[in-house]
Amino acid sequence: MAGALKAAAAAVRFARNIIRRGPRVTKVFLSCVLATVFASAPVVALADWQAVEEVRPYSISGTTGAELYESIGARGPEAGASRAIAHTTFKLTWTRKYEPQGNACVIITNRPKLIITYTLPKPSAALAPAVRSSWDAFITGVYAHERVHGDTIKAMVWEIEAMSIGLTVADDPDCKKIRIELTRRLGEISMRQRQSGRDFDKIELGDGGNIQQLILKLVNGP
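What you see is a predicted model; the values in this text were computed from it and never measured.

### Some remarks on the side chain of Arg-96
Inference 1: Within the secondary structure, Arg-96 is located in strand β4 (residues 87-101).
Inference 2: Glu-161 provides the closest opposite charge to the buried, salt-bridge-free Arg-96, at an N-O distance of 11 Å.
Inference 3: Within the structure, the side chain of Arg-96 is placed 2.8 Å from the side chain of Asn-110, a separation counted as a polar contact.

### Some details on helix α3 (residues 129-164)
In an α-helix, one turn spans 3.6 residues; hence positions three or four apart end up facing the same way.
Inference 1: Taking 1.5 Å of rise per residue, 36 residues should cover 52 Å, and α3 covers 52 Å from first to last C-alpha, within 8% of that figure.
Inference 2: Gly-166 occupies a position one or two residues after α3 and carries a positive phi of about 90 degrees.

### Quick notes on the pattern of salt bridges
Inference 1: Considering all chains together, one arrives at eleven salt bridges under this definition.
Inference 2: The residue Glu-54 makes a salt bridge to Arg-56 at a minimum N-O spacing of 3.9 Å.
Inference 3: Of the charged contacts in the structure, one is a salt bridge between Arg-192 and Glu-159, with a shortest N-O distance of 2.4 Å. Here Arg-192 is found in helix α4 (residues 177-205), whereas its partner Glu-159 is found in helix α3, with 33 residues between them in sequence.
Inference 4: Since its relative accessible area comes to 46%, Arg-192 is described here as partly exposed.
Inference 5: By relative accessible area, which is 34% here, Glu-159 ends up partly exposed.
Inference 6: What emerges from the salt-bridge pattern is a single network uniting Glu-53, Arg-147, Asp-151 and Lys-154.

### As for the packing of α3 against helix α5 (residues 210-220)
Inference 1: Where α3 meets α5, the axes come as close as 9 Å, and the angle between the chain directions of the two elements is 165 degrees. When the axes of α3 and α5 are compared, the pair comes out roughly antiparallel. Crossing angle aside, the handedness with which α3 passes α5 is left-handed. Contacts between α3 and α5 pair Ser-134, Trp-135, Ala-137, Phe-138, Gly-141, Val-142 and His-145 from the former with Ile-211, Leu-214, Ile-215, Lys-217 and Leu-218 from the latter.
Inference 2: Here the contact of α3 with α5 is built from residues that sort into eight nonpolar, three polar and one charged.

### Details of the nonpolar core
Inference 1: In terms of nonpolar packing, the biggest core is built from 23 residues, with Leu-114 and Ile-178 touching the most fellow members.
Inference 2: Contributions of two or more residues to this core are made by β4, β5 (104-123), α3 and α4.
Inference 3: Discounting residues that sit within four places of it in the chain, Leu-114 has contacts with Trp-49, Ala-51, Val-52, Phe-90, Lys-91, Leu-92, Ile-153, Lys-154 and Val-157.
Inference 4: Judged by nonpolar contacts, the second largest core, of 20 residues, contains Ile-60, Leu-68, Ile-72 and Ile-211.

### Notes on the pairing of β4
Inference 1: Note that β4 and β5 share 15 bridges and pair antiparallel. Bridging across to β5, Thr-89 finds its partner in Thr-117.
Inference 2: The loop that links β4 with its antiparallel partner β5 comprises two residues; one of these, Gly-102, has a positive phi angle of about 65 degrees.

Rules of the game
- Residues numbered from 1 in each chain as written.
- Predicted model: local features only at pLDDT ≥ 70, side-chain atom pairs only at ≥ 80, totals over all residues.
- Heavy atoms only, no water.
- Helix = DSSP H or I, 4+ residues; strand = E, 2+ residues; numbered from the N terminus.
- Buried < 20%, exposed > 50% of the residue type's maximum accessible area, 1.4 Å probe, protein only.
- Lys, Arg positive; Asp, Glu negative; His and termini not counted.
- Salt bridge = Lys/Arg side-chain N within 4 Å of Asp/Glu carboxyl O.
- Polar contact = N/O pair within 3.5 Å; in protein donor to acceptor, adjacent residues only side chain to side chain.
- Expected span 1.5 Å × (residues − 1).
- Axes fitted to C-alpha atoms, helices over the stretch in contact; angles between N-to-C directions.
- Parallel < 35°, antiparallel > 145°, perpendicular 65-115°, else oblique.
- Left-handed = near helix turned anticlockwise from the far one by under 90°.
- Contact = heavy atoms within 4.5 Å.
- Nonpolar A, V, L, I, M, F, W, Y, C, P; charged D, E, K, R; others polar.
- Core = buried A, V, L, I, M, F, W, Y, C linked by side-chain atoms within 4.5 Å.
- Pairing = 2+ DSSP bridges.

Printed below as a string of structure tokens:
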């Protein structure tokens, strides 16, 4: 019994050391590409659009949970000076039309095209049933975490669209001031979205958080 307890304690210490050294779950928000394309016909209502969401796997190897996590640390997407388990990126472009109305300028079209990419690890070889079960629980939790980041990105785009359609700037017949005002508002919305993501990660990646629990279960599993 004492030997089993010592082995369990050693496994926990090993997992915690891996967590300290190893990869983390993160999001990397690519720069929003705010491309202005003048449409041929004005649209005054919010456009009916859906984000394109895709999963981009990267290959890892191993026959145990600990080996798979170690491979993630070696092959995961770069996140500053370290590597991540997974990350979420996006590309956002706009079809936008400004229209002078009297001495003012109005945005009458601002249609988004949003592509969200989730980068996730994928074992390169078949796993034993017990390891596969452990891995499935881990990657399902990680993917759910990244999908929350995807949802905040979509919410940001909806907010930008709702804010910008009908945006009017007076004394701007050449539609120059409105671009400055739009950029200012976009910055504020983007900052709120980024902070929301950081707050979520702080909880999920903190001591006892969901991601830490997922890692411990994977590393201590078969």
